[in-house]
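Residues per chain are reported as follows:
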Amino acid sequence: MKPLICLGIESTAHTFGIGIMDDTGKVYANAKDSYTTESGGIIPAKAADHHVEACGKVISAALEKAGLKISDIDLVSFSQAPGLGHTLRIGAFAARALAVNHEKPLIGVNHCIAHLTIGELMTGASDPVLLYASGANTQVIAYEGGKYRIFGETLDIGVGNFLDSVAREMGLGFPGGPKIYELSLKASKFIELPYVVKGMDVSFGGLFTNLKQKIDSKEYSNEDLAYSMQETAFAMLLEVSERAMAHCGKKELLLGGGVACNKRLQEMAKKMCSDRNAKCFVPANEFLVDNGAMIAWQGILQHKAGQRMDVSEAVIDPYQRTDEVKVDWR
Ligand code: ATP
Ligand code: FE2
């Protein structure tokens, strides 16, 4: 039987991604183009302009890599929620245009849940707690009682934005996550920093202010600060993840999001899991960062469960919560 081929469109933030996958889990292409800034954060309208410009190029690159024509595509999926309204709108528009012009079925998906399901596919995890650690998002998510629920999250900024902001204070440029990691390898000592876990949630605002003061004081080396901030922030994330695993009785931890590319976070996560006889799963970097393949795969899951979306329903939902999503594919 011919496999079902889906083209997925990711556009929740600075990445415009096109993934092409089939229902056996084969990845034909996972192309992307990201909006970057030299200084300051993401400007939603500028990111949207970037996506408009990148859209045609990235679709063509993905089809070419896959060796397919648009007529070979059976389904179009897009990230419908959550994210920046400006950028989500571009992805939804592209999806509607492809679906209408080429008479393809269309399906909208939740970006956070897609991080979880692509991780399951790529690693073989079957019922994990997901630590989703990216620029804008920091959440601990698991499937429980028929829904994907958020067990803990950041009360202010995402851990990636926190790392990037400190890197900017140190004059390291963007994205700062990888640079902070490189610096941390040259540290000579640990510096005590505020450790903020409130119930099941974490907060990075106070930690950032404290680090900013320490950087300005010039009393500490950036290497020691980079190392200490990683140890502190990642321990906070893993404390909450571990508690969610204990609460749900789950024996698997899955990492997702760009910050999960960090080797020290991976090492600490593996240690926590081995200490409690659990397994730790880490997909390849390509599937950790925002990508179109995860949107394609989530589209396939929902389509195969019988979900259908009319073009008139293909509207974005920037503030959708993970537990609002009806789950009928597992
Ligand atoms: P989302 O919209 O899901 O919040 P995002 O647009 O912030 O995602 P991601 O690619 O998931 O994008 O994550 C980006 C973050 O990951 C940045 O903060 C960046 O510094 C960090 N990052 C990326 N690669 C690495 C790496 N190799 N090591 C450490 N941090 C990394
Ligand atoms: Fe993401």
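Scroll up to find the structure this text is about.
This one's a predicted model, so the numbers in the text were calculated from it and none came from an experiment. Numbers given to residues run from 1 along each chain, matching the order in which its sequence is written. The naming scheme follows written order: chains are lettered A onward, ligands numbered 1 onward. Given that the model is predicted, a residue must reach a pLDDT of at least 70 before its local features are reported, and side-chain atom pairs must reach 80 or more before they are shown or counted; all residues, however, enter totals for whole chains, interfaces and linings. Side-chain calculation: all heavy atoms of the structure are included, whereas hydrogens and water are not.

Details of the pattern of salt bridges
Spelled out, the test is: Salt bridges are defined by distance alone: a side-chain nitrogen of Lys or Arg within 4 Å of a carboxyl oxygen of Asp or Glu. Working definition: helices are DSSP H or I runs of at least four residues, strands are E runs of at least two. Numbering for both runs from the N terminus. Buried residues are those whose accessible area, probed at 1.4 Å on protein chains only, stays under 20% of the maximum for their type, while exposed residues exceed 50% and partly exposed ones sit between those limits.
Considering all chains together, one arrives at 16 salt bridges under this definition. Residue Asp127 is joined to Lys250 by a salt bridge in which the shortest nitrogen-to-oxygen separation is 2.9 Å. Remark: Lys250 occurs in the loop between α7 (222-248) and β11 (252-256) and Asp127 occurs in the loop between α3 (111-123) and β6 (129-133); sequence separation between them is 123 residues. Exposure remark for Asp127: the relative accessible area of 29% places this residue in the partly exposed category. The buried category is assigned to Lys250, whose relative accessible area is 6%. Arg330 is the partner of Asp127 in a salt bridge, and the nearest nitrogen-oxygen pair spans 3.5 Å. Of this pair, Asp127 sits in the loop between α3 and β6 while Arg330 is found in the segment after α10 (292-304), placing the two residues 203 residues apart along the sequence. A relative accessible area of 40% means that Arg330 is categorised as partly exposed.

Notes on the coordination of the iron ion (ligand 2)
Note the threshold: Water is not among the atoms examined, so metal sites may look incomplete; donors are the N, O and S atoms within 2.8 Å of the metal, or within 3.2 Å for Na, K and Ca.
Distances from the iron ion (ligand 2) to its protein donors, namely His111 (NE2), His115 (NE2), Tyr132 (OH) and Asp290 (OD), fall within the range 2.1 to 2.3 Å. In primary-sequence terms, the residues that donate to the iron ion (ligand 2) follow H-x3-H-x16-Y-x157-D. Taken as a pair, His111 in helix α3 and Asp290 in the loop between α9 (285-288) and α10 lie far apart in primary sequence, 179 residues in all.

A closer look at helix α2 (residues 85-102)
For clarity, the threshold we go by: Multiplying one less than the number of residues by 1.5 Å gives the expected span of a helix.
With 18 residues, α2 extends 26 Å between its outermost C-alpha atoms, agreeing within 8% with the 26 Å of an ideal straight helix rising 1.5 Å per residue. Every buried residue of α2 is listed here: Gly85, Thr87, Leu88, Ile90, Gly91, Ala92, Ala94, Ala95, Leu98 and Ala99. The positive-phi residue at the C-terminal boundary of α2 is Glu103, with phi of around 50°.

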